[in-house]
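Observations on the three-dimensional arrangement
In case you want the letters, here they are:
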2 protein chains.
Amino acid sequence: MPKTSHATSGCAIARGLDLLGERWTGMIVRDALRGIDRFADFVAELGIAQDVLTKRLNALVAAGVMERIPYQEDGSRMRYRYALTPTGRQLATALASIGDWAAAHLPVDGGSTSHFVEAATGQRVRAALVTDDGRIVAPVDAQLVVPSAGS
Amino acid sequence: MPKTSHATSGCAIARGLDLLGERWTGMIVRDALRGIDRFADFVAELGIAQDVLTKRLNALVAAGVMERIPYQEDGSRMRYRYALTPTGRQLATALASIGDWAAAHLPVDGGSTSHFVEAATGQRVRAALVTDDGRIVAPVDAQLVVPSAGS
DNA sequence: CAGTATCCTGAACGATACTG
DNA sequence: CAGTATCGTTCAGGATACTG
């Protein structure tokens, strides 16, 4: 049981954490959401070792989060770029909520303010808990229910 | 710089991932949201080694996510329980979005359906991106803006 | 504390393109 | 057709973290 112990756990949170909790995975997805898509650019942005990046990208491709797309600049040889799939793009909510939380509760002096906006309007968007009928619920009023233990 | 390389990064997402990305931290917070608060119960639920749990709990206390509260059952010696602070409870949004995403995109046969509900009504709540005026935005229509580059 | 697994650093390797 | 540069990947090591 070396690394990801709860990978096939019945708990969805555990499975999601296994992916995002991998050392670099979250940062890769974050950069991909910024538009980064080339191997060399990920290396430059993250300072990640290349073989580790290879492993992480392969894992993300295997998980259906990213896809490997061949391209060729006119004079050059064939290269690959790595783009988020629709599935991967949906991680925006998760990363936004993590970022919002950290910005509010893990402040740092020169705190940057990277944030998500609605593409069409430029309006700032934040992660929130909403009911199926669109009502916003404060995190404090939310409760985690696990099916294993009754009620 | 062994483990958490981007801990003091200007990017809030990086700081948040440094915490939740730690091998066990997210699972500990998840169990805390379920009401677990005793050292032995965390060990039993997670199968984590005790010294590692100690380190993680200390880190969470240092980050202001959990607090260490003394208690004493009548015949017994002084013990400590670990409870989420208000700051820590706000991680519910992040964990809910991770769980929602994994449930939808990382399916597994006997997939459990742990989920968040509004405590008062029992209504299911999900993580979503909302504008400041309460409009819900699809993740696909969201865009990550980093202050470093213009705009 | 002992044994094992994982990670990171640095370097080497095949593959492709441009050069002369 | 060699000679060189770049890219993406893989290999070898030392350090670190986890489990029991």
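Structure: above.
Overview of the structure. Just so it is clear, the model here is predicted, and its values are computed rather than measured. The residue numbers shown here count from 1 along each chain, following its written sequence. Here every chain gets a letter starting at A, and every ligand a number starting at 1, in the order they are written. Totals for whole chains, interfaces and linings use every residue, but because this is a predicted model, local features are given only for residues with pLDDT of at least 70 and side-chain atom pairs only at 80 or more, for both listing and counting. The side-chain figures draw on all heavy atoms in the structure; neither hydrogens nor water molecules are used.

1. Remarks on the protein's contact with DNA strand D
We define proximity as follows: a residue is near a molecule or strand when any one of its heavy atoms falls within 4 Å of that partner. Taken together, 15 residues are adjacent to DNA strand D, and Phe 39, Gln 50 and Asp 51 of chain A together with Trp 24 and Arg 56 of chain B come closest. When atoms of DNA strand D within 4 Å of the protein are sorted by moiety, sugar and phosphate together comprise 62%. For the purposes of these results, a polar contact is taken to be a pair of N or O atoms within 3.5 Å, where, inside protein, one atom must be able to donate a hydrogen and its partner to accept one; residues adjacent in sequence count only when each atom of the pair is a side-chain atom. The contact in question runs from a phosphate oxygen of DNA strand D to an N or O atom on the side chain of Thr 54 of chain A, over 3.2 Å. Note on conventions: DSSP H or I runs of at least 4 residues are helices, E runs of at least 2 residues are strands, and numbering of each starts at the N terminus. Secondary-structure elements contributing two or more residues to the surface near DNA strand D are helix H3 (39-46), helix H4 (50-62) and strand S2 (78-84) of chain A together with helix H4 (50-62) of chain B. Under the grouping applied here, Gly and all other residues not named as nonpolar or charged are polar, the nonpolar ones being Ala, Val, Leu, Ile, Met, Phe, Trp, Tyr, Cys and Pro and the charged ones Asp, Glu, Lys and Arg. Its residues placed into classes, the surface near DNA strand D shows six nonpolar, two polar and seven charged.

2. Side note on the relation of the copies chain A and chain B
Superposing copies: least-squares fit, C-alpha atoms only, residues required to have pLDDT of at least 70 in both. Rotating chain A by 180° and moving it 0.0 Å along the rotation axis overlays it on chain B with an RMSD of 0.2 Å. Each copy turns onto its partner about a two-fold axis. Across chain A, the smallest distance between a C-alpha and the rotation axis is recorded for Gly 21 of chain A, namely 1.9 Å. Note on definitions: a residue-residue contact is assigned when non-hydrogen atoms from the two residues lie within 4.5 Å. With an isologous cut-off of 70% or more, the 99% of interface residues of chain A that recur at the interface of chain B puts this contact in the isologous class.

3. What about the interface of chain A and chain B?
Interface size is commonly expressed as the accessible surface area that is lost when the partners come together. Counting residues at the interface gives 77 residues for chain A, matched by 77 residues for chain B. Both sides together, the interface formed by chain A and chain B hides about 7400 Å², and carbon and sulfur atoms give 65% of it. When two parts are brought into contact, each loses some accessible area as probed by a 1.4 Å sphere; the total of that loss over both is the buried area. Sorting the residues of chain A by area buried against chain B places Arg 15, Trp 101 and Leu 144 of chain A first, and these three jointly supply 9% of that buried surface. Each salt bridge in this description consists of a side-chain nitrogen of Lys or Arg and a carboxyl oxygen of Asp or Glu lying within 4 Å of one another. The interface formed by chain A and chain B contains four salt bridges. Close ionic contact of Arg 135 of chain B with Glu 118 of chain A constitutes a salt bridge, the shortest N to O distance being 3.1 Å. On inspection of chain A and its partner chain B, the count reaches 24 residue pairs in polar contact (both at pLDDT 80 or more). If you list the elements that add at least two residues to the side of chain A that touches chain B, you get helix H1 (12-20), helix H2 (25-34), helix H5 (86-89), helix H6 (92-105), strand S3 (115-118), strand S4 (124-131), strand S5 (136-137) and strand S6 (142-145) of chain A. With twelve residues, H6 of chain A is the largest single contributor of residues to the side of chain A that touches chain B. Of the residues contributing to the side of chain A that touches chain B, the split by class is 41 nonpolar, 23 polar and 13 charged. When DSSP finds two or more bridges between a pair of strands, those strands are recorded as paired. The pairing of S6 of chain A with strand S3 (residues 115-118) of chain B spans four bridges and is classified as antiparallel. Opposite Leu 144 of chain A, over in S3 of chain B, you have Phe 116 of chain B as the bridge partner.

4. As for the pairing of S3 of chain B
Put simply, side chains in a regular strand alternate between the two faces of the sheet. Residues and elements named next belong to chain B. Note: S3 against strand S4 (residues 124-131), two bridges, orientation antiparallel. For Phe 116, the partnering residue across the bridge sits in S4 and is Val 125. Linking two consecutive strands that pair antiparallel, namely S3 and S4, is a turn of five residues; a positive phi of about 75° is found at Gly 122 within it.

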